[in-house]
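Okay, here's what each chain looks like letter by letter:
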Amino acid sequence: MKAEPMLIVAERINSSRKSVARAMETRNAVFIQNEASTQAEAGADYIDVNAGAFPGEELECLRWVVEVVQKAVDLPLSIDSPDPEVIKGVLPLVNQPPVINSITLEPSRLNSMLPLAADHGARVIALCQSEERMAESIDDKVRLAGRLVESVIRMGISLDNLYIDPLVYPLATHPQSAMVATGAVERIMREFPGVHTICGLTNVSYGLPERRLINRTFLVAAISRGLDAAILDPTDKLLFSALKAGLAVVGRDDYCMDFIAAFRAGRLG
Amino acid sequence: MSDILQQIQEAIIKRKRAEIQGLVETAIGQGIDPNAIIDNGLIAAMDVVGQQFSDSEIFVPEMLVSALTMKMGLDVVKPLLLKSGNTQSRGTILMATVKGDMHDIGKNIVIMMLEGAGFKVMDLGVDLTVEKLMEQIETVKPDIVGLSALLTTTMPEMRRSIQVLKERGLKGKVKVMVGGAPVSAAFANEIGADGYGADATEAVELARRLISDL
């Protein structure tokens, strides 16, 4: 695996988007494959696939999505479901070791998904969320991260395969949440060497105007504290630009080669 | 309407936290009935704020700060009500996010707006099992239970809650209202809920309607 300054899990094939849900419902392979290949060309490392909008038929739908996406792109997948049975049913179909998105500390999810990850050499996105309550302070998040690290080690999974998501809450209701999440990123990266951190970007801007501006500003803030993976839409030009500029600014782009290459490719704006 | 009540409304609508308590004290000093201050000042203002939010004129944090301003005003009037023994509540509501679901932002916004409308609200938090919910219903004996779910995977918990209410003979004695992004009026109807609110303002209107039906 080449060293990635920033691992991108591309989020567009998600059934919470109406157009995607419709394509899944009508088994429109062309639409889904187009979403996959556009994201691959835009720099995705993993293609996330989610069929959570189809309770009862999630597994069947996701199996179809996995088949058609793998025909279109030569990238590993991020299998996005909270349901261990769905993960289990999809894993035999994947061509390359995937990311399991996601586990939490909830025992039923943890105990059923980690063995699956170990068996399939999968990477795991693990949320700083316990069965009791939301983790609202840096200390809370780091403590939960520690428990995740322990569980993963006990299962014999390499820390290099663990992506911890500190979870960011909306600034609209938790004004310190972005600083708490990025603070947690920094401490997790320092206190558990070898582990990765990942974050979704959309939650932070809930309830605010110009959400995408907040999302990409948050991304840069998180990159500056050591975030090395993100769940995002790589086809979003402004977001992608902020990502590349952010990596250059924090010194994670040697001689700014990636930034310049992105400019030459017409990807910056 | 008296000038000072108008000013109280404006302070809440314009989110003037520094001014609200002084204004409420002035109203009390002028001898205005505490209930009138609440109804025609504080609650009336939150109705306007709720409508502005429903119309997408204001954003979530603006609504929250208005609700905070309203609460600060309420804190000044409340002791007077307790003293006079005149603590008429508009009804008691239990609020919770169902089992398996950790989302509480929408629920918390609804709680603030319900409190703003004068309801007594008890927040039972997130990830609440049906068993715990039933315990609380039997102890607190609320007028309404409000259930929130943000995931399609946790929506079935709402159905289960209502089934258990029926089994225990509580259905009808306590009204159930449901909400959350994936929830719809059709779903609410299908599972036998008494109502569905698409946003915080609808939830307040619904709660008022359910209480008047009781």
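Student: I'd like a rundown of the sheet that holds strand S8 (residues 229-232) of chain A, residues and numbers included.
Tutor: Sheet strands associate in pairs through backbone hydrogen bonding, adopting either a parallel or an antiparallel arrangement. Taken together, the eight strands give a closed barrel; going around it, the order is S1-S2-S3-S4-S5-S6-S7-S8 (chain A), and neighbouring strands pair in parallel fashion. The mean angle between the axes of side-by-side strands here comes to 25°, regardless of whether they run parallel or antiparallel.

Student: Describe the interface of chain A and chain B, listing the residues and the values that go with them.
Tutor: The interface is formed by 14 residues belonging to chain A together with nine residues belonging to chain B. A breakdown of the residues in the side of chain A that touches chain B according to their chemical character gives nine nonpolar, four polar and one charged.

Student: Let's hear about the sheet that holds strand S1 (residues 92-97) of chain B: which residues, and what values?
Tutor: All names here are of chain B. Taken in spatial order, the five strands line up as S2-S1-S3-S4-S5 in an open sheet, and their pairing is parallel. Single-partner strands in this sheet number two, and they are strand S2 (120-123) and strand S5 (195-196). For S1 and S2, the ladder comprises four bridges, and the chain directions are parallel. Among the inter-strand pairings, Met95 is bridged to a residue of S2, identified as Asp123. Most of the contacts of helix H6 (residues 130-140) go to S1, to which it runs at about 170°, and overall it touches S1, S2 and strand S3 (144-148). On top of the sheet, helix H9 (residues 200-213) reaches S1, S3, strand S4 (175-179) and S5; it is set at about 170° to S4, its chief contact.

Student: Mind laying out the packing of helix H1 (residues 3-13) of chain B against helix H2 (residues 17-29) of chain B, listing which residues take part and the relevant values?
Tutor: Residues and elements named next belong to chain B. Here H1 crosses H2 at 165°, and the two axes come no closer than 9 Å. By the angle class used here, H1 and H2 are roughly antiparallel. Remark: the crossing between H1 and H2 carries left-handed chirality. Where H1 approaches H2, its residues Ile4, Leu5, Gln7, Ile8, Ala11 and Ile12 are matched on the opposing element by Glu19, Ile20, Leu23, Val24, Thr26 and Ala27. Its residues assigned to classes, the contact of H1 with H2 shows nine nonpolar, two polar and one charged.

The rules behind these values
Residues numbered from 1 in each chain as written. Chains lettered and ligands numbered in written order. Predicted model: local features only at pLDDT ≥ 70, side-chain atom pairs only at ≥ 80, totals over all residues. Pairing = 2+ DSSP bridges. Helix = DSSP H or I, 4+ residues; strand = E, 2+ residues; numbered from the N terminus. Axes fitted to C-alpha atoms, helices over the stretch in contact; angles between N-to-C directions. Contact = placed C-beta atoms within 7 Å. Nonpolar A, V, L, I, M, F, W, Y, C, P; charged D, E, K, R; others polar. Parallel < 35°, antiparallel > 145°, perpendicular 65-115°, else oblique. Left-handed = near helix turned anticlockwise from the far one by under 90°.

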